Amino acid sequence: MSAPGFTNLGSSVSYSQNSTPNGGAAPPYQNGPAQTYPSMYPPTSYYGAPPQQQSYPTIPAHSTSVPSKAPITNSAHSANYYQNNHQPQQQQQHHHPAQHHVAPSPYSAPPRSAPPSQPYATLPSSAPPPSNTQYNQQPFQQQHPPYATPGSYYGQQSYHAPPAQHPPQQQQQQQQQSSLVPAPASGPGAPLYPIVSYPSAPGSSQYGTLSSSQSTSTSGVMPLHMGAPLHQYSTSQPASTTPVQPGYGVAPPSQMAPTVNGQGSTAQTTVHQHYDQSHQAPQSYDSYGRVTHSAGGADADRPPSGTPSTSVHSSPGHHQGMQYGYVANSGASSASAATSGPAAAPSSSSSDDDDDEEEEDEEAGGDTSSSTTGSASPVPNSYDSLEGGSYPDSMPPSNDMTNQAQPYGSYGYPNMQPAYRQGPASHADASPTHDLYGQASYQQYSQPFPNLSQLSAALGGLSGVPELEVEALRPVNLLQERNLLPPRPLEAPEPNLTPDLKKVNCSPQTFRCTLTSIPQTQALLNKARLPLGLLLHPFRDLQQLPVITSNTIVRCRSCRTYINPFVTFLDQRRWKCNLCYRVNDVPDEFMYNPVTRSYGEPHKRPEVQNSTVEFIASSDYMLRPPQPAVYLFVLDVSHNAVEAGYLKYFCESLLENLDKLPGDTRTRVGFLTFDSTIHFYNLQEGLSQPQMLVVSDIDDVFIPSHDSLMVNLKESKELVKDLLTSLPAMFSQSRETHSALGPALQAAFKLMSPTGGRVTVFQTQLPTLGAGKLQSREDPNQRSSTKGVQHLGPATDFYKKLALDCSGQQIGVDLFLLSSQYADLASLACISKYSAGSVFYYPSFHYIHNPAQLEKFQKDLERYLTRKIGFEAVMRIRCTKGLSIHTFHGNFFVRSTDLLSLANVNPDSAFAVQMSIEDSLADSSLACFQAALLYTSNKGKRRIRVHTLCLPVVNQLSDVYAGADVQAITCLLANMAIDRSISSNLSDARDALVNAVVDLVTAYKSNVSNLQQSGLVVPASMRLFPLYILALLKQKALRTGTSTRLDERVFAMCEFKTQPLQQLMRMVHPDLYRMDNMSDQGALHLNDTVVPQPHLLHLSAERLSRDGAFLMDCGNVFYLWIGKCCNEMFIRDVLGCPNYASVPPNMGSMQSPRATNKNPHVKPQSHIPELETPLSERVRAFLDWLQDNRAFSSTIHVVKDDASAKATFFQHLVEDRSESALSYHEFLQHVQLQMSK
Amino acid sequence: MAFTFAAFCYMLALLLTAALIFFAIWHIIAFDELKTDYKNPIDQCNTLNPLVLPEYLIHFFFCVMFFCAAEWLTLCLNLPLLAYHVWRYMSRPVMSCPGLYDPTTIMNADILAYCQKEGWCKLAFYLLSFFYYLYGYGFIFTSCSSALRINDSHRALVFYLRMSNM
């Protein structure tokens, strides 16, 4: 029931509703539904049948989800979301940012416009939300078909073409919106998200009505709520409010209270849902009933999805819905998607709003919230009361609304059906991508509803998993098989779960486990000789993220786990925690599903349909008022720095991105420069020009002026610009060669400690003065030593202690080291390591002599300045009883056994966690992990991002091997090896890595493999393991024998600790493709471009040929290697040079003059010239596609076969023998030798 | 005097070992609190680190005393711990202040488990050595006093001590 599309709607809607009067609304609805049913039923086909829901959900979900979520969130908190969300969307899809906001209205408008709503339609949500919602839904249905296509859940959205209907609506909406809502300036984050918004946008338009309505309504309310935080929100809020008001204007009742509306809307929706339920109820409920009851944990979730899908199949209408439905079906996901959609927009924008709490607070808050949740009234109390008395009103209106709604509903239904019918057609249109979803959903449908345990057990069998497993277990003799690489980059293995669980499981990009089948006992784990651990990328830029605003964040009472898709609903009122197995009550507020707007379907809530959600936290989760975004830049201006010339480029970049710095109106910035003294800058508003204050007493640093050094960016923008313009010239004559970095950092700490925030340090040499001064420890003669490498650890604990102080004051320190000399990164990096900062290193940086580094610096800086940021964050990782956390890897301070303190959190850093099994997991078939990240967004909202991963527990060694994730294992081992090399020594770490391979092969041979083969036999799932380990041993961080500068080695180690898995794997084992003979076979078709998919090649020189051109993707950098006899057509068409000889040796590192002359529009991303030839287009399409989801854009270097740069290319060919390292084959023989010992 | 230097050493060691036992108990409790999330590792390290050197010095101090008193057996029993203390302090993380515990690594499960185990082992060692010193004190006192006509009350005490030591 809920499963169907409604959930989607509900999800988005629900949020807003949830926040408010859901509880209240529900009752009326119930009443209503009974009445309405009769009328409703006709539509029933539509509603009554689960299919409808499905269809709705699907479409709505996407579309709605985005809008709805956004709105919801918005409703709760702010226009910001809207703006943000909208902005991105607008930018991408629609020209008008307002449209998105409007979008909802448009959706609603067309079908339902009939009633009240033209205005409403746009605003519908606002006033008559309930009715509107209904309307919206109905319209949606109609519209959906077209939208449906668009509404792909995740990124597929893009595929969908907007229906013709849209334009008019959109225009209207746009107009309205434009008039109503000023387009907010897109935040930095926004651009990232636009894609999401798009899909959502269309969907949103449909759903948008709902969501928008909600959002609008909420938004309208919101401002009231906002009251306190106004500054932050103010910008967005006004916009939202205004739009809402117009809508309200139309509908007086709605005006009553936005919240009310929301409630009303929900109520209406609920009514519908109820109806639906009634219809469905027999069907779906029953199914649920079984499921829920039967299900141990995940079951509850599954049933819903399953039912919807089934329903879809059953009824033609559903089929229509299917199109939509598939989305919806596809998941709870669809519902979630809907939520997520809105959320996504918010999420991207969301960064704007949020509330964080400290974990402790969270917990406390959670408790309180849970208690509050109990009653419906409480909900309104918190927010409504804040909003300003809307609450009381809301109740009555909601009733009215429901009544009204019913009529609408009736209207809607008839319409709806047609729409559905249309839907199928649209389905046909739907892009192939849909198929995926569709299939998934079908599978679900087809499956019976066994108990969870059964499901999990049978999962493998049902969906062809067994085949996969068999394939994963196929013994591979490494000495015989030469071609191990798959044609395409390796994907994360899928856990052997039921399709239902798979669908809702956390994305492997966010949350990955080294063993996708968890061994039951530590003994089994030891037997497998594989490490158990998690790889987390919790603050990743997401395209879709359900954002939930709710008064009650439902959590387990004993272990504080957030409710998630893998809990079990024992019945309507109780749920069983999947981590500690405690049975908890379902709070009243949670009974209302904002997505489907129905009451009594807790398992359809977005929290239960999505494994990645974000909650807007209440004040319970705050220890202090959320801090504003505060940025301090600490700049080295010594002679060395002036020589390197970074200052000018930094100032340029910051000037350019000043408006894109994440933050709101409270954002504060400050600057501090240092050489042998420390210079502060007074930027107090009202000064005619910046004042420099010099403190020369570096032994006892004091802050010369307390209020004027960190200034409000908005108020003092002119002064800041002045300073940035004049700064490079001010020190151009500096002769001071000393660097007092330690005292400067102490000053920065004092300056920032009242607020917390981010300190960005630029350093170009070894600190030589004051506290924290360092000596050169590197012996250049030892760079290529094969014995141990010394000085990998810090020389002093000054930086570590300072970092801990910073962490305690919520200050994150990011370090940019641009040094051509040894600067003791091992010591300096501590300042970032323990304050959850990030480290950037540009060896041999010089603005003239090293253009490649300069370009990289500029690109990194742009990303760095504009990327999302979360402040005063904590992350807690919980796992199923029996599992425990052993060690964390990454940049953070560990505050307790499962709690990380992150002064700043950024979207580009990842974490690794080693786990151990303390108690047997025999009493459960599933193991779950939950990471909750509580942070303050740059808009001053506390938010909690929750990721939940669910994996099967197995008791057979072969199953453990079948589920092994070789990439995750490699990354975890790399982290462990780094730790080992610092705490012990490098050769120990290298030995440990080799032993990992030996152990695996031995364990597999003695325990699993029945074949008495000689040679190295490993399961197919681990066939790349020895190769990856060999590649690891050849990395800068761990190699010996090859000359490696200490700083570069230490930096490589830092990268290992913080890079997300995908990026790390590309660095360790780059992808190699042949470029000169790309065919369109198997090419991807994205939008209008064809992206060829060349096969991966082994990293060996034997795979290269003189007559070819090869691309190596190393993550940070691309190398395009041109063979001596390379096809001239390729050189001419792609590089724009007449022949091989004329290819400039340094092409790519800088924009080649040739390319710039020919075409001024050289893409910033790739420096391959933009030529109009088909070959060039294909190459560039492929390059752009590769770069698509990378945070930091990669530079491309063209390497000629005879150039000296060849060495940098060839050092990445890890399968070949190098001067000091083994080839792959030799390595295998070495392993074999070790085994026989 | 019946009260030889060796007897004085044993008596002093007895008292100091009692203090060390309290140190060990404190240590165990502290790490247990860390493990159960009750304490912030920074605070905990700040309270534990100042106690490390005093403990080592106390132990070193009565080792020197036994050396001076030529109590070779007792010294040999204590030498392993002395060597362990030296090694432990030599291999401590880079720190500017005295102490052993680094708040950034203390939460590592391996280190935490190691420290807990170390605490229990030390507690056991100190308890055993406490009774050993008690016995040694009684033994020396008896032998001295028998030679020097010690009064009955002393003898009774020694007997009692011996009994309690059984």
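Just so you know, these numbers come straight off a predicted model, no measurement behind them.

## Structural notes on the confidence of the model for chain B
Residue and element names in this part refer to chain B. Per-residue pLDDT for chain B has a mean of 86; in total, 84% of the residues score no lower than 70. Mean pLDDT per element in chain B: helix 5 (residues 152-165) is the minimum at 60, and helix 3 (residues 72-90) is the maximum at 94. Overall fold confidence for the complex sits at a pTM of 0.69, while the interface term, ipTM, reaches 0.85.

## Some thoughts on the UniProt feature "transmembrane region" (unreviewed entry) in chain B
What UniProt calls "transmembrane region" (unreviewed entry) maps, in this numbering, to residues 7-29, 56-82 and 123-141 of chain B. Overall, residues 123-141 of chain B shows 100% helix and 0% strand. The separation of its end C-alpha atoms is 27 Å.

## A few points about the packing of aromatic side chains
In the structure shown here, the tally under the stated rule is 46 aromatic pairs over all chains. Taking 5.7 Å as the distance between ring centres and 80 degrees as the angle between the ring planes, the aromatic pair formed by Phe840 of chain A and Tyr864 of chain A counts as edge-to-face. Pair noted here: Phe840 of chain A is in strand 19 (residues 839-841) and Tyr864 of chain A is in helix 36 (residues 851-866), with a separation of 24 residues, a long-range link. Each member of the pair, Phe840 of chain A as well as Tyr864 of chain A, is classed as buried. Ring geometry for Phe125 of chain B and Tyr126 of chain B: centres 6.1 Å apart, planes at 70 degrees, overall edge-to-face. Under the relative-accessibility criterion, Phe125 of chain B is labelled partly exposed at 28%. In textbook terms, an aromatic cluster arises when at least three aromatic residues are bridged by ring pairs, as seen for Phe633, Tyr646, Phe650, Phe671, Phe762, Phe816, Phe840, Tyr842, Phe845, Phe857, Tyr864 and Phe1192 of chain A. The positively charged end of Arg758 of chain A is found above the aromatic ring belonging to Tyr864 of chain A, 4.3 Å away from the centroid. When the ring centre of Tyr1140 of chain A is taken as reference, the NZ or CZ atom of Lys1200 of chain A above it lies at 5.0 Å.

## Focus on the sheet that holds strand 33 (residues 1117-1122) of chain A
All names here are of chain A. With respect to topology, 5 strands assemble into an open sheet ordered 31-28-32-33-34, the strand pairing being mixed. With one partner strand each, in any of the chains shown, strand 31 (1096-1097) and strand 34 (1195-1200) form the two edges of the open sheet. Note: strand 33 against strand 34, 6 bridges, orientation parallel. Among the inter-strand pairings, Phe1118 is bridged to a residue of strand 34, identified as Ile1196. Its contacts with the sheet place helix 43 (residues 1128-1135) against strand 32 (1109-1113), strand 33 and strand 34, and it is angled at close to 145 degrees to strand 33.

## Focus: the pattern of salt bridges
Residue and element names in this part refer to chain A. For the coordinates displayed, the defined rule picks out 34 salt bridges over all chains. Between Arg867 and Asp908 there is a salt bridge, with its nearest N and O atoms 2.8 Å apart. Taken together, the residues span a long stretch of sequence, with Arg867 in the loop between helix 36 and strand 20 (870-879) and Asp908 in the loop between strand 23 (899-905) and strand 24 (911-917) at a distance of 41 residues. Judged by its relative accessible area of 3%, Arg867 falls in the buried class. In the salt-bridge network here, residues are joined through shared partners; they are Asp541, Arg863, Arg867 and Asp908.

## Considerations on the environment of His1197 of chain A
Residue and element names in this part refer to chain A. Looking at the element boundaries, His1197 is found in strand 34. Judged by its relative accessible area of 19%, His1197 falls in the buried class. For the pair formed by His1197 and Leu1111, sequence separation is 86 residues and the distance between their alpha carbons is 9.6 Å.

## Focus on the pairing of strand 11 (residues 612-616) of chain A
All names here are of chain A. For strand 11, the buried fraction is high: 5 of the 5 residues fall into the buried class. By the alternation rule, side chains of strand 11 split into Thr612, Glu614 and Ile616 and Val613 and Phe615, which are all buried. Of the pairings in the sheet, the one linking strand 11 to strand 26 (residues 942-954) comprises 5 bridges and is antiparallel in character. Within the sheet, the bridge partner assigned to Phe615 lies in strand 26 and is Ile944.

Parameters and conventions
- Residues numbered from 1 in each chain as written.
- Chains lettered and ligands numbered in written order.
- Predicted model: local features only at pLDDT ≥ 70, side-chain atom pairs only at ≥ 80, totals over all residues.
- Heavy atoms only, no water.
- pLDDT = per-residue confidence, 0-100.
- Helix = DSSP H or I, 4+ residues; strand = E, 2+ residues; numbered from the N terminus.
- UniProt positions renumbered as here; feature names shortened; annotations may be inferred.
- Phe/Tyr/Trp six-rings, centres within 6.5 Å; stacked < 30°, edge-to-face > 60°.
- Buried < 20%, exposed > 50% of the residue type's maximum accessible area, 1.4 Å probe, protein only.
- Lys NZ or Arg CZ within 6 Å of the ring centre and 35° of its normal.
- Pairing = 2+ DSSP bridges.
- Contact = heavy atoms within 4.5 Å.
- Axes fitted to C-alpha atoms, helices over the stretch in contact; angles between N-to-C directions.
- Salt bridge = Lys/Arg side-chain N within 4 Å of Asp/Glu carboxyl O.

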